[in-house]
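Okay, here's what each chain looks like letter by letter:
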Amino acid sequence: MHLFLQTFFNPDELLKAFPLLLTEGLRNTLLIAGLAIVFGVVLGVLLAMLLLSHRRWARLPARIYVDVFRGLPAIVTVSLVGLGLPSAGIRPFGRDPLGYAVLAIGLISAAYLAEIFRSGIQAVPSGQLSAARSLGMSYPTAMRVIVVPQGVRNVLPALAGQFIIDIKESALVYLLGLGLGQRELYFIAQERQAATYNSSALVAAGACYLLLTIPLTFLVNRLDLRLRNGGRKQNRAATAPTALPPAPSALEV
Amino acid sequence: MAGTLSEKNPRAGTTGTTSATAISVRDLHKRYGEVEVLRGVDLDVARGETVCVIGRSGSGKSTLLKCMNLLEPPTAGEIHLGGDLITGSGVDVDAVRTRVGMVFQHFNLFPHLSVLHNVTVALRKVRKLGGDAADTVAMTQLERLGLAGLAHSRPSQLSGGQQQRVAIARALAMEPEVMLFDEATSALDPELVKDVLDVMRLLADSGMTMIAVTHEIGFAREVADRVIFMDEGRIAESGPARRTLEHPETERLGEFLARVL
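Being a predicted model, the structure only gives us computed values, none of them experimental. All residue numbers here refer to positions counted from 1 along the written sequence of the relevant chain. Written order determines the labels here, with chains lettered from A and ligands numbered from 1. In keeping with the model being predicted, local features are shown solely for residues with a pLDDT of at least 70 and side-chain atom pairs are shown and tallied solely at 80 or more, while totals for entire chains, interfaces and linings include all residues. As a rule here, side-chain values cover all heavy atoms of the structure and leave hydrogens and water aside.

Visitor: Kindly report on the pairing of strand β8 (residues 209-213) of chain B, identifying the contributing residues and their values.
Guide: All names here are of chain B. Among the 5 residues that make up β8, 5 are buried, leaving the element largely enclosed by the rest of the structure. Buried, partly exposed and exposed residues are distinguished by accessible area as a fraction of the type maximum, computed with a 1.4 Å probe on protein chains only: under 20%, between the cut-offs, and over 50%, respectively. The helix and strand labels rest on DSSP assignments: H or I over at least four residues marks a helix, E over at least two residues marks a strand, and numbering proceeds from the N terminus. Residues Thr-209, Ile-211 and Val-213 line one face of β8 and the alternating positions Met-210 and Ala-212 line the opposite face, and both faces are buried. Whether two strands pair depends on DSSP finding at least two bridges between them. The pairing of strand β3 (residues 50-54) with β8 spans 4 bridges and is parallel. Each bridged residue has a counterpart across the sheet, and for Cys-52 the counterpart in β8 is Ala-212. Since strand β7 (residues 178-182) and β8 lie parallel, the crossover through helix α6 (residues 190-205) that links them has a hand, and here it is right-handed. Whether a crossover is right-handed depends on one test, that the path from the first strand over the helix to the second runs clockwise when the strands point away from the viewer.

Next comes the structure, spelled out in structure tokens:
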């Protein structure tokens, strides 16, 4: 038991690991995951639109993209993007491994998000689009203002799940090698583990990941509940005067 | 919109005798693959006229309505709206649809928007009105239909009858030349039907041009200027509402009325 506690919960190691994790590590993990999520959401929405197209030539490339990037292990994609591209002379981010990590994780995330958005949008009744179009809205406007917002609400919990995966996969950047100041949670932890043969820093890093993922889940569930109950508080206020003037009498002025 | 709901304007001509035609349909065909749903429909609706379209399900009445605002593109034939040809290539369908209001069987209110926002969204996104101007137009319509108190509610908090009246207000706010009602009361509980029919009646009395697909034969008899009976993708019988419904000329309409009345 003592050995177990010493390996995973060594107080000295924890105390040494946490300051670096909470400053440099947390910041870089958030940076990679946050940018990858933003990139993934934008690309994911675009792909979802293509997947929903009636035109085969629009659907097909999106379908192939989604199937490829969902089918590859994340570690392969990160290696191909982070190690492969620079070797091939394609260096949009110079020598900054964080840029390649953001790109790789964003590309993977977009594939999953595309399917999540597609299913959410398909769950919106077709009458919504008909009603919006019948009011003179163009297809893009109707999608943007009426259909997509409802589709996204349909899939908030699934989105949170994907964002959590993105946060966790940001750790794969360790493959690309990180300099001082670039290290994220896992890289810092495994450096210390390699130096000390003690796993406490990994436990500390794990705690930091949970610090990000659990509040995220909580926040999204709160948001989900609020949207689902769609202004139920207003409801009480609005229906309190149940003696609303009945329509006919109000009309027959 | 011509006049307000509270004014009882004199009806426009009863059987399309007025010179101004609101909407004119010529030899309209609609085909879904092998199935021909509309097989040559001709129809002229005068400004201010109220036409009720009846017929059994599958007779093409809803499709006819959806062709009139191009939600379903016709396979063949012509439609003129206020004299403008709206079928064929090079037509701005979005612009056409702002001139034709549509009310659906299942209301199709936008559930993520408040009642007020349901009415203002097209004013802002299509008519490009500012927020305040859109709110003013929307509140005017909501007040007319007795819905002002519900402006900040969500559609899900409303009864079916209230939802359908919001949907009517939403369409009216765009000031359409023609209003289409696609079985507007079919999804309502019986006790809520009257609310919506009352609104439609007042709208008809105000001089709005209306084409309503309906199963409410009583409403058609009282409110419509003309009744159209559709059968197998064609207009099988058409005439002044009361006479047509009380003394049908065709056997098919007689059978239909015997079944629904």
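Visitor: Mind laying out the side chain of Glu183(B), listing which residues take part and the relevant values?
Guide: Residue and element names in this part refer to chain B. With respect to the helices and strands, the residue Glu-183 is situated in the loop between β7 and α6. Glu-183 gets classed as buried once you look at its relative accessible area, which sits at 12%. Residues count as neighbours in contact if any of their non-hydrogen atoms are within 4.5 Å of one another. Residues within four places of Glu-183 in sequence aside, it is in contact with Lys-61, Ser-62, Gln-105, Val-213 and His-215.

Visitor: Can you explain the sheet that holds strand β1 (residues 21-32) of chain B? Please cite residues and give values.
Guide: Residues and elements named next belong to chain B. Read from one edge of the open sheet, 4 strands run β2-β1-β4-β5, paired in antiparallel fashion. In this open sheet, the two edge strands, each paired with only one partner strand, are β2 (35-46) and β5 (84-85). Note: β1 against β2, 9 bridges, orientation antiparallel. Looking across to β2, one finds that Leu-28 is bridged to Val-41.

Visitor: Could you give an account of the packing of aromatic side chains, with specific residues and numbers?
Guide: To describe a pair of aromatic rings, one takes the distance between the centres and the angle between the planes. All names here are of chain B. A pair of Phe, Tyr and Trp rings is counted when the ring centres sit within 6.5 Å of each other, with Trp represented by its six-membered ring. The angle between the planes then sorts it: under 30 degrees is stacked, over 60 is edge-to-face, the rest tilted. According to the stated counting rule, one finds 5 aromatic pairs over all chains in the structure shown. Their ring planes at 40° and their centres at 5.4 Å tell us that Phe-229 and Phe-256 sit as a pair that is tilted. Taken together, the residues span a long stretch of sequence, with Phe-229 in strand β9 (residues 226-231) and Phe-256 in helix α9 (residues 251-260) at a distance of 27 residues. Both residues of the pair, Phe-229 and Phe-256, count as buried. Charge-over-ring placement is defined geometrically: NZ (Lys) or CZ (Arg) within 6 Å of the ring centre, and within 35 degrees of the ring normal. We note Lys-30 situated over the ring of Tyr-32; from NZ or CZ to the ring centre the distance is 5.0 Å. For Arg-170, the ring lying beneath its charged end belongs to Phe-110, and the centroid distance is 4.4 Å.

Visitor: Quick rundown of helix α3 (residues 115-125) of chain B? Include the residues and the values.
Guide: Burial within α3(B) is extensive, with 8 of its 11 residues counted as buried. All buried positions along α3(B) are accounted for by Val115(B), Leu116(B), Asn118(B), Val119(B), Thr120(B), Val121(B), Ala122(B) and Leu123(B). Along its buried surface, α3(B) packs onto α7 (139-154) of chain A together with α4 (131-144) and α5 (160-172) of chain B.

Visitor: Requested: an account of the sheet that holds β7(B), with residues and values cited.
Guide: All names here are of chain B. Taken together, 6 strands build an open sheet; the order of strands is β6-β7-β8-β3-β9-β10 and the sheet is mixed. Edge positions in the open sheet fall to β6 (100-103) and β10 (234-240), since each of these has one partner strand only. On average, adjacent strands in this sheet sit at an angle of 15° to one another, irrespective of strand direction. Only the stretch in contact is used when a helix axis is fitted, and all axes are lines through C-alpha atoms; the angle between N-to-C directions ranges over 0 to 180 degrees. The strands touched by helix α1 (residues 61-68) within the sheet are β3, β6, β7, β8 and β9, with β7 carrying the most contacts at an inclination of about 150°. Sitting on the sheet, α5 touches β6 and β7, and the angle it makes with β6 is about 170°.

Visitor: Break down the layout of surface pockets for me, with residues and values.
Guide: Residue and element names in this part refer to chain A. By volume, the second largest pocket amounts to about 440 Å³. For cavity detection a 1 Å grid was placed over the protein atoms alone, and a set of points counts as a cavity when a 1.4 Å probe fits there but cannot get out; an open set counts as a pocket when protein lies on both sides within 12 Å along at least five of seven lines, with lining residues being those that have an atom within 4 Å of a point. If you trace the second largest pocket, you find 16 residues lining it, with His-54, Ser-126, Leu-129, Tyr-139 and Met-143 closest to the centre. Sorting the residues of the lining of the second largest pocket by element identifies α5 (97-122), α6 (126-134) and α7 as the ones contributing at least two each. With 4 residues, the single largest contributor to the lining of the second largest pocket is α6. Along the lines of polarity and charge, the residues of the lining of the second largest pocket split into 10 nonpolar, 4 polar and 2 charged. Grid points are joined across faces, edges and corners, and a volume is the space filled by probe spheres set on the points. Residues are grouped as follows: nonpolar covers Ala, Val, Leu, Ile, Met, Phe, Trp, Tyr, Cys and Pro; charged covers Asp, Glu, Lys and Arg; every other residue, Gly included, is treated as polar.

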